[in-house]
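These are the residues of each chain, in order.
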Amino acid sequence: GFKPNGRLAATPSPSLCRAMSRRLVLVLWLWLATAAAGAAQDDEEEDLSGDPIGEGDNRSALLTSSAAAARPDPLRRWLEGLRISLPAGATGELPMGMGTLELTAGSCWGFEVGHLRSEDNSIDQTLRFDVNVTDFEVTCHIEGLNNGTLEVNITMGRSSLEVGLQIEPYVSPVAPSLPLPLGQFNSTHCLADLVVQNISFAGDSLVNEALQGLPLEMLTPMMGTFINTPLCEGLRHAIEDQATSFAQMGAQLVTPLLFEPLPLFQPDPLPDKSLMNLSTYPPLKVAQALVRDRFELWANRVVQILSVASFEFLLADTQNTSVTLRDFQIQGIGARTQPGLEIGMMDQLLDLFVNLEGLSLYTSLGVDVHLPGQPTLTEVVDITLGLSNLSMGLRAWVDEPMLNNLEIDQVIQSPRCIVQCATSTADPPSDSIAVENMEVAMRPLLQVSAEGSLEHDITQLFNSLVAALYSGYMPAINALVNGALGMARAPLNSLMWQRIESLPKCSRAELFMGVDEHVIRSLWTSSISVAVLGAVAAVAAHWRSKRRGTSGLDGEMGSSAGGAEAAAGVEDLCLARQPFVPLVLTVFYPFALLSVMLLFLFADLDLGATVSVVMAAEGRSATIGPLFSFSLVSTIAHSWDSGAYFISILTLLTSGIWPFVKLSLLFASWLLPPSRFSVRRRGHVLNFLDTWGKYSFVDSWFLVLSMSAFALEWESVGEASMKVQTTPTAAFYAFFTATSLSLVLGHVASELHTHAAKVASGRLQV
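What counts, and where the lines are drawn
- Residues numbered from 1 in each chain as written.
- Predicted model: local features only at pLDDT ≥ 70, side-chain atom pairs only at ≥ 80, totals over all residues.
- Heavy atoms only, no water.
- Salt bridge = Lys/Arg side-chain N within 4 Å of Asp/Glu carboxyl O.
- Helix = DSSP H or I, 4+ residues; strand = E, 2+ residues; numbered from the N terminus.
- 1 Å grid on protein atoms, 1.4 Å probe; cavity = no way out; pocket = protein on both sides within 12 Å on 5 of 7 lines; lining within 4 Å.
- Points joined across faces, edges and corners; volume = space filled by probe spheres on them.
- Nonpolar A, V, L, I, M, F, W, Y, C, P; charged D, E, K, R; others polar.
- Disulfide = S-S within 2.5 Å.
- Buried < 20%, exposed > 50% of the residue type's maximum accessible area, 1.4 Å probe, protein only.
- Core = buried A, V, L, I, M, F, W, Y, C linked by side-chain atoms within 4.5 Å.
- Contact = heavy atoms within 4.5 Å.
- Phe/Tyr/Trp six-rings, centres within 6.5 Å; stacked < 30°, edge-to-face > 60°.
- Lys NZ or Arg CZ within 6 Å of the ring centre and 35° of its normal.
- Polar contact = N/O pair within 3.5 Å; in protein donor to acceptor, adjacent residues only side chain to side chain.
- Pairing = 2+ DSSP bridges.
- Patch = residues over 30% accessible without salt bridge, like charges linked within 9 Å, V, L, I, M, F, W, Y side chains within 5 Å.
- Areas by Shrake-Rupley, 256 points an atom, 1.4 Å probe, with all protein chains shown as cover.
- Axes fitted to C-alpha atoms, helices over the stretch in contact; angles between N-to-C directions.
- Parallel < 35°, antiparallel > 145°, perpendicular 65-115°, else oblique.
- Expected span 1.5 Å × (residues − 1).

1. Overview of the pattern of salt bridges
Then step 1. In the structure shown here, the tally under the stated rule is eight salt bridges.
Then step 2. With a closest N to O distance of 3.7 Å, D399 and K273 form a salt bridge. Pair noted here: D399 is in the loop between β18 (377-396) and α7 (400-404) and K273 is in the loop between α5 (216-254) and α6 (282-293), with a separation of 126 residues, a long-range link.
Then step 3. Ionic pairing is found between D293 and R292, a salt bridge with its closest N-O pair at 3.2 Å.
Then step 4. The structure contains a network of salt bridges with shared partners spanning E233, R236 and E240.

Structure representation (structure tokens):
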């Protein structure tokens with residue numbers, strides 16, 4: 001109690017004032033604490049996110065935030081800007097016969113939570129937790145009616161609350177062997193220490209008039225003391241009634257997940273298709289043997305089983321909250337002592353069993369809270385789920401004739417090429433490839449991470465709950481996770497086919513670096529055509545000269561000319577018009593140079609070699625390939641992309657640019673007169689071409705090295721074997737031929753130039 005001061009003593013009745021003061025205090029704090037604290041608690045429950053937790057066998061922990069000042073706090077910022085409206089029109093009876101309070105308006109804002117601490121005291125399947133909230137702050141404005149109007153502005157800070165929570169198991173009548181932690185919720189104890197830092201009143205209520213004269217240092221401790229018990233009563237009601245009701249609804253929703261997922265609808269393939277029997281397909285048998293016999297290849301290495309980015313699967317969507325599964329992947333670490341992977345085949349079903357060390361499922365959840373008229377909270381929660389093993393079954397209907405005729409280098413450029421072997425077997429095509437089953441066995445590990453120190457504290461509370469769940473409800477958790485995976489098969493298959501349809505169309509254009517294959521083939525035809533045309537023109541010129549009775553250009557020079565005159569003529573003529581050069585060679589030589597140029601261009605753009613794999617098992621064999629193909633252009637591009645700049649530049653210069661430069665110089669040496677291209681300069685050029693022309697063989701040398709590097713062979717303990725082989729194509733031989741022909745043409749020009757020089761010096765007669 002308290003004694004009124006002098007101003008209060010001036011009121012008509014001091015006893016009435018004291019009664020009204022007590023009445024106001026109880027009315028105010030009962031409704032303020034129940035509404036504001038309850039609204040803040042509901043908001044926190046909707047926006048849980050957190051950080052890593054320990055293993056499930058850690059049954060008791062006292063966890064606190066250790067880096068609050070250094071972390072970004074999206075949840076804290078959101079709570080500070082959040083404004084919760086109090087329910088207008090709510091009424092309630094006040095204690096001590098003080099009548100009824102009707103709330104007409106009000107709101108609370110500036111929510112702050114210092115720290116959360118939790119302690120797990122669970123026993124078997126009865127979950128018990130002690131939760132401690134410290135440094136809680138909130139500001140509220142309240143308008144109500146009680147013998148007049150009353151407005152209250154109040155700020156509460158440095159407050160604390162400790163609550164004990166007990167959750168009993170729920171046993172479903174349809175699955176009695178798999179109890180769920182969704183039974184009766186009970187509050188075991190509640191200790192509240194609420195501190196009022198500031199309070200003010202307004203209105204025409206007599207209670208307001210009575211309290212206006214009291215000093216703040218007298219009102220604030222009294223207000224906090226009066227609200228502790230009503231607050232705990234409100235929390236007990238929320239836990240035992242509302243939380244239990246929500247748990248019962250949740251139990252009804254998740255109970256169907258406890259049962260084994262139903263098999264997917266089994267469609268029928270098209271009747272005219274010959275489906276491949278995966279159990280006898282040699283490449284799969286070889287893969288099976290590789291995993292079994294060479295598992296040490298994956299020892300201490302991360303093995304990625306499944307990876308789906310940008311999944312964006314909506315898990316839950318309420319009026320104010322949505323939860324989206326953004327991505328997920330499954331990976332583990334290979335063991336040294338036993339295979340961690342097993343591959344099974346039966347008809348058109350491919351099975352994969354994974355039992356790797358540290359096998360885990362990694363996923364990200366996007367949580368969005370959008371309350372009307374309030375800032376939006378967006379959190380990204382990263383979750384790591386520990387797995388003991390995983391099994392997956394994939395339906396794969398493959399047209400065997402189409403697959404046997406498929407060149408795998410097309411698949412490497414566009415996986416849609418191999419998908420075409422499956423889509424042709426079913427109507428709709430999506431029935432041909434589908435995940436039929438997916439099942440996991442859990443291990444006690446759950447790690448959750450999100451930005452923010454408050455998220456860290458909330459997550460530790462969540463982690464304590466999860467640790468207890470793993471200890472008492474592991475079979476039910478296993479069943480729930482597998483039930484959810486069963487439900488996810490349909491959206492996973494839908495997403496898989498969306499990705500397949502977004503792939504580029506099956507084409508060989510990328511193999512030729514964007515050049516049309518028909519254009520490349522036309523270069524080969526053009527090269528042969530030019531050579532044939534040159535030969536015909538040379539024979540025709542020779543035949544014509546025979547009819548005229550001349551031989552070469554002798555008639556023009558004069559066959560009876562003296563040595564000095566002939567020498568002077570030699571010095572003034574281009575190499576093609578030298579009198580000692582046969583007319584057939586004079587005419588054919590330019591055509592030969594142009595033909596070799598086209599042959600070089602064809603060899604550079606076309607595929608130079610292919611790499612294939614021959615797999616055999618149980619008396620059957622299959623050639624997979626070409627796995628990849630490469631040309632001069634692709635060798636240069638891929639070497640550059642991989643950082644082998646020296647090899648890329650060397651190949652470009654010696655095998656790409658140099659052959660065309662050499663042939664162009666031969667053109668100039670053959671056709672340009674000495675007035676445009678001096679004899680001395682022509683000699684230097686031809687000598688240089690003779691010396692350095694051989695380096696055009698560098699690309700051929702690289703191909704020979706590649707053939708040696710890819711010559712691999714492996715045999716299993718059983719009957720499975722694998723052989724990698726490199727096969728040169730027509731373009732490789734075309735390049736080798738063009739290089740050899742360019743050297744021959746260079747030697748011809750060089751010898752003729754030497755002969756011309758000797759004639760000019762008078763050492764030889766024309």
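2. Things to note about the environment of E713
Then step 1. Its location among the elements puts E713 in strand β22 (residues 712-715).
Then step 2. Sequence separation between E713 and K723 is 10 residues; the distance between their C-alpha atoms is 4.3 Å.

3. A look at the layout of surface pockets
Then step 1. The computed volume of the second largest pocket comes to approximately 1,000 Å³.
Then step 2. Lining the second largest pocket are 34 residues; nearest its centre among them are L350, L394, A396, I418 and I433.
Then step 3. Among the elements of the structure, α6, β12 (302-308), β16 (349-354), β18, α9 (416-423), β19 (433-449) and α10 (453-502) are those that each provide at least two residues to the lining of the second largest pocket.
Then step 4. Its residues assigned to classes, the lining of the second largest pocket shows 30 nonpolar, two polar and two charged.

4. Re the state of the cysteines
Then step 1. A complete count under the given rule lists two disulfides for this structure.
Then step 2. Paired by a disulfide, C108 and C140 hold their sulfur atoms 1.9 Å apart. The chirality of the disulfide connecting C108 with C140 is right-handed, given an S-S dihedral of about 110 degrees. Residue C108 is found in strand β4 (residues 100-112), and its partner C140 is found in strand β6 (residues 127-145); the two are separated by 32 residues along the sequence.
Then step 3. Residue classification places C108 among the buried residues on the basis of a relative accessible area of 1%.
Then step 4. A residue is classified by how much of its surface remains accessible, and C140, at 2% relative accessible area, is buried.

5. Overview of the nonpolar core
Then step 1. Residues W78, I305, I330, L387, L390, M442 and Y470 are the most contacted members of the largest nonpolar core, which totals 83 residues.
Then step 2. If one sorts the elements of this core by residue count, α10 sits on top with 12 residues.
Then step 3. For L387, the contacting residues outside a window of four places in its chain are I330, L359, S360, L361, V440, A441, M442 and R443.
Then step 4. L575, A592, L593 and L689 belong to the second-largest nonpolar core, a separate cluster that totals 36 residues.

6. Quick word on the packing of aromatic side chains
Then step 1. With the rule as written, the count across this model stands at seven aromatic pairs.
Then step 2. Taking 5.6 Å as the distance between ring centres and 50 degrees as the angle between the ring planes, the aromatic pair formed by W524 and F602 counts as tilted. Residue W524 is located in helix α11 (residues 517-548), and its partner F602 is located in helix α14 (residues 583-605); the two are separated by 78 residues in the primary sequence.
Then step 3. By relative accessible area, which is 40% here, W524 ends up partly exposed.
Then step 4. For F602, a relative accessible area of 4% corresponds to the buried category.
Then step 5. Between F732 and Y733 the ring centres are 5.3 Å apart and the planes differ by 70 degrees, which places this aromatic pair in the edge-to-face class.
Then step 6. Stacked on the ring of W109, the Lys or Arg R83 has its end atom at 4.0 Å from the ring centre.
Then step 7. In this structure, R395 is placed above the aromatic ring of W397, and the distance from its NZ or CZ to the ring centre is 5.7 Å.

7. Things to note about the side chain of S118
Then step 1. Here S118 is to be found in strand β5 (residues 115-120).
Then step 2. Among the residues examined, S118 registers a relative accessible area of 2% and is labelled buried.
Then step 3. Among the polar contacts made by the side chain of S118, one reaches the side chain of S464 at a distance of 3.1 Å.

8. Looking at the pairing of strand β15 (residues 341-346)
Then step 1. Pairing between β15 and β16: six bridges, direction antiparallel. Bridging from a neighbouring strand, M346 pairs with L349 of β16.
Then step 2. Counting the residues in the hairpin turn of β15 and β16 gives two residues, including D347, whose phi is positive at 55 degrees.

9. With respect to a nonpolar patch on the surface
Then step 1. Together, W640, Y645, I649, L652, L653, I657 and V661 line one region of the surface with nonpolar side chains, adding up to about 620 Å² of accessible area.
Then step 2. Broken down by element, the residue count for the nonpolar patch peaks at six residues, all from helix α16 (residues 645-671).
Then step 3. Among the secondary structure elements, Y645 is positioned in helix α16.

10. What to know about the packing of helix α3 (residues 74-81) against α10
Then step 1. Their axes nearest at 5 Å, the elements α3 and α10 cross at an angle of 100 degrees. Of the possible angle classes, the one that applies to α3 and α10 is roughly perpendicular. Across from P74, L75, R76 and L79 in α3, the residues of α10 making contact are S453, L454, E455 and I458.
Then step 2. Across the contact of α3 with α10, the residue classes break down as five nonpolar, one polar and two charged.

11. Quick word on the side chain of S527
Then step 1. Here S527 lies in helix α11.
Then step 2. Residue classification places S527 among the buried residues on the basis of a relative accessible area of 2%.

12. Some details on α11
Then step 1. Over its 32 residues, α11 extends 47 Å from the first C-alpha to the last, a length consistent with the 46 Å expected when each residue adds 1.5 Å.
Then step 2. Packing partners of the buried residues in α11 comprise α14.

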